Amino acid sequence: MKLLFKFLLTTCVLMTALSCEVHLEDNTRILVEGTIIDENNSPISDAKISVLIKRSNYSEGENQYVIGEGYSNAEGEFSVTSLYDKDEDFAIEIHGGEDYSTYVYKTNTLEYTPLDLTFNLETVSLKKLATFNYHIERTSGEANTLRYTFKYIEGFCLEYYEGTTLNEFQSSCYQEQVVSQFLNDSNPDIEWLLSIPFGGVVEFTYAINDEPEITEFITINEDNYDFTFTY
């Protein structure tokens, strides 16, 4: 009874907040279900599942709205009842928290609606994430420069579906990312962090004072990996 009341209350609040800007399908609810696991096939509990739509506002630009929300149980299973809207940018986002990657399912519900109003994501695998903390410091004195690049695989996966078919061209799943910078007298040091799948490899390429490039490979085998480089 409490769960029913909570759902009705949430639905009422959402409909009040969205009624001025988003047209929801009258008397229509959808079911979003599936199972979330890690790379070892172990269930991930308490992952957050959000059903999202976007709308353009002429004064404020594009806005994103949450029309349904829930969490996975101890077995990694989830079943979320959501409001429904026909939208070009319909999305279901799964966040495993700071320790796991993010997964996004996208489709165009103006062109596709499942016959049983159920979006079954089946099994979604999230990657365990680590933090790569890098600190680069100049110790050799003024006028020395460093040009560096970090290449790594990001902890994010977006899959875009046209109906039930995956569109690989519009998808972006665990893609390679590049961070580059030139350090000189005006900016000799830097300290930053990256979120990278645990066990991944970071390719570090650098050149001091325009000398030939050197490349090192760093395996991220700690939850918080500290990397210090001096030049």
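Each remark here, short or long, concerns the structure printed above.
Residues numbered from 1 in each chain as written. Predicted model: local features only at pLDDT ≥ 70, side-chain atom pairs only at ≥ 80, totals over all residues. Heavy atoms only, no water.

## A word on the nonpolar core
As a reminder, the rule being used: Put simply, buried Ala, Val, Leu, Ile, Met, Phe, Trp, Tyr and Cys residues joined by side-chain atoms within 4.5 Å make one nonpolar core. Only protein chains enter the calculation, and the probe is 1.4 Å; a residue is then buried if its accessible area is under 20% of its type maximum, exposed if over 50%, and partly exposed in between. A run of H or I in DSSP counts as a helix once it spans at least four residues, and a run of E counts as a strand once it spans at least two, with each numbered from the N terminus. Only heavy atoms enter the contact rule, under which two residues are in contact if any of them lie within 4.5 Å.
Formed by 26 residues in total, the largest nonpolar core has its most connected members in Val 32, Ile 94 and Tyr 103. Sorting the residues of this core by element identifies β1 (29-37), β2 (48-57), β3 (61-71), β4 (77-83), β5 (90-95), β6 (102-107), β7 (118-125) and β10 (156-162) as the ones contributing at least two each. Residues within four places of Tyr 103 in sequence aside, it is in contact with Ile 92, Glu 93, Ile 94, Leu 121, Val 124, Leu 126, Cys 157, Glu 159 and Tyr 161. In this structure, Phe 204, Ile 218, Phe 227 and Phe 229 belong to the second largest nonpolar core, which totals 21 residues.

## Regarding the sheet that holds β1
Test applied: DSSP calls a pair of strands paired once it identifies at least 2 bridges connecting them. Orientation is described by lines fitted to C-alpha atoms, with helices fitted over the stretch in contact, and by angles between N-to-C directions that extend from 0 to 180 degrees.
With respect to topology, three strands assemble into an open sheet ordered β4-β1-β7, the strand pairing being mixed. Where the open sheet ends on each side, the last strands, each with one partner, are β4 and β7. Along the sheet, successive strands turn relative to each other by an average axial angle of 20°, direction set aside. In this structure, β1 lies alongside β7, joined through six bridges in parallel fashion. Looking across to β7, one finds that Val 32 is bridged to Phe 119.

## Topic: the pattern of salt bridges
Here is the rule: Each reported salt bridge corresponds to a side-chain nitrogen of Lys or Arg within 4 Å of a carboxyl oxygen of Asp or Glu.
Tallying each qualifying case throughout the model produces six salt bridges. In this structure, Lys 48 engages Glu 69 in a salt bridge whose closest nitrogen and oxygen atoms are separated by 3.5 Å. With Lys 48 in strand β2 and Glu 69 in strand β3, the pair connects residues that are 21 residues apart, well separated along the chain. Across the pair Asp 89 and Lys 106 runs a salt bridge, and its minimum N-O distance is 3.3 Å. Linking Asp 89 in the loop between β4 and β5 with Lys 106 in strand β6, this pair joins segments that are 17 residues apart in sequence.

## Considering the state of the cysteines
One covalent bond between the sulfur atoms of two cysteine residues makes up a disulfide. Convention followed: Throughout, a disulfide means two cysteine sulfur atoms within 2.5 Å of one another.
In total, this model carries one disulfide according to the counting rule given. In this model Cys 157 forms its disulfide with Cys 173; the gap between the sulfur atoms is 2.0 Å. Where Cys 157 bonds to Cys 173 through sulfur, the torsion about that S-S bond is close to -100°, and the disulfide is left-handed. With Cys 157 in strand β10 and Cys 173 in strand β11 (residues 165-173), this residue pair connects regions lying 16 residues apart in the sequence. Judged by relative accessible area, Cys 157 falls into the buried class, the value being 4%. For Cys 173, a relative accessible area of 29% corresponds to the partly exposed category.

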